[in-house]
Amino acid sequence: MQISLAHQVALVTGASSGLGAASARALAAAGASVVINYNSQAAPAKALADEINASGGKAVALGADVSKEADVERLFAQILDAFGYLDILVANSGLQRDAAVVDMTLEQWNTVIGVNLTGQFLCARSALKIFNRQGVREGVSCAAGKIIHMSSVHQLIPWAGHVNYATSKGGVEMLMRSLAQEVSEQKVRVNGIAPGAIRTAINRDVTQGAAEKQLLKLIPYGRVGDPEDVANAVVWLASDASDYVVGSTLFIDGGMSLYPEFRGNG
Ligand code: BGC
């Protein structure tokens, strides 16, 4: 299977680090022009754009807080100015503000829902307006556009101490499926990815040392994931190789969502 995203433009939100950065790199390697969105971390986002441009790809880093409507609208206008098209949205920006529920502040709740859920809605809405105007670009892709929502195993697995985060990801699943139902007839493919424990900054304290041993009890496949495990799936879902995949969530979790605690007979 040859995957080429040549002549396509991809936006990856929250791409200055972690899953977003790996996805941007992989999309660029597959031939897409990539918009690396960042919020606070301009320097690593610009360094990633430089790296991609230096290796023969095409990338630009653009700042925007995806939880703010005006920022998102400016971001999408800048993308059209820079590239003229948009074909792929990877709605990836996400964060955690963990606390026991009785200690969780409204600010911690709102920040997580704002970025992880409202941010995905705002970006999807802007992308869909562009996809609808563009239609299918003959010879470029079978679809008028592709949206990939970055979710989490916690769209399925409840998570004590993280009710804001788990709620946001449960919402992302229903956002993704409802959008897919609404816009598929416009030839837009909407899907989700639900990563488990992937080695990134968001979970650094549980993916090393003694904590990693504990974590591995929850991962039947016996290893923590790498950002590339997710990035490879992003490229596939963005490509025509997955053209009949609509409204699905792909779990990339080494089996974390298989209730591994039941291996000992419950
Ligand atoms: C969270 C990580 C966590 C993983 C598995 C992800 O969505 O962001 O912090 O390690 O789920 O629990």
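A brief report on the enclosed structure follows. Here the structure is a predicted model, which is why all the values come from computation and not from measurement. (Residues numbered from 1 in each chain as written. Predicted model: local features only at pLDDT ≥ 70, side-chain atom pairs only at ≥ 80, totals over all residues. Heavy atoms only, no water.)

1. Quick notes on the site of the ligand
Phase 1: Surrounding the ligand, one finds Gln96, Ser152, His154, Trp159, Tyr165, Gly196, Ala197, Ile202, Asn203 and Met256.
Phase 2: Serine 152 is positioned such that a nitrogen or oxygen atom in its side chain is 2.7 Å from an oxygen atom of the ligand.
Phase 3: A distance of 2.6 Å separates an oxygen atom of the ligand from a polar atom in the side chain of tyrosine 165.
Phase 4: Out of a free accessible area of 310 Å², the ligand has 91% covered by protein chains.
Phase 5: Of the residues contributing to the shell around the ligand, the split by class is five nonpolar, five polar and no charged. (Near = heavy atom within 4 Å. Polar contact = N/O pair within 3.5 Å; in protein donor to acceptor, adjacent residues only side chain to side chain. Areas by Shrake-Rupley, 256 points an atom, 1.4 Å probe, with all protein chains shown as cover. Nonpolar A, V, L, I, M, F, W, Y, C, P; charged D, E, K, R; others polar.)

2. What about the pattern of salt bridges?
Phase 1: Throughout the structure, instances matching the rule amount to ten salt bridges.
Phase 2: The salt bridge partner of arginine 74 is aspartate 71, with a shortest N-O separation of 3.6 Å. Linking arginine 74 with aspartate 71, this pair stays in helix α3 (residues 69-83), spanning three residues, or about one helical turn.
Phase 3: On the accessibility criterion, arginine 74 (36% relative accessible area) is partly exposed. (Salt bridge = Lys/Arg side-chain N within 4 Å of Asp/Glu carboxyl O. Helix = DSSP H or I, 4+ residues; strand = E, 2+ residues; numbered from the N terminus. Buried < 20%, exposed > 50% of the residue type's maximum accessible area, 1.4 Å probe, protein only.)

3. So, the packing of α3 against helix α4 (residues 106-134)
The geometry of a pair of packed helices is captured by two quantities: the angle between their axes and the separation between those axes.
Phase 1: Between α3 and α4, whose axes approach to 9 Å, the crossing angle comes to 35°. In terms of crossing hand, the pair formed by α3 and α4 is right-handed. Judged by residue contacts, Glu69, Val72, Glu73, Phe76 and Leu80 of α3 engage Leu122, Cys123, Arg125, Ser126, Ala127, Ile130 and Arg133 from α4.
Phase 2: Here the residues of the contact of α3 with α4 are counted per class, giving seven nonpolar, one polar and four charged. (Axes fitted to C-alpha atoms, helices over the stretch in contact; angles between N-to-C directions. Left-handed = near helix turned anticlockwise from the far one by under 90°. Contact = heavy atoms within 4.5 Å.)

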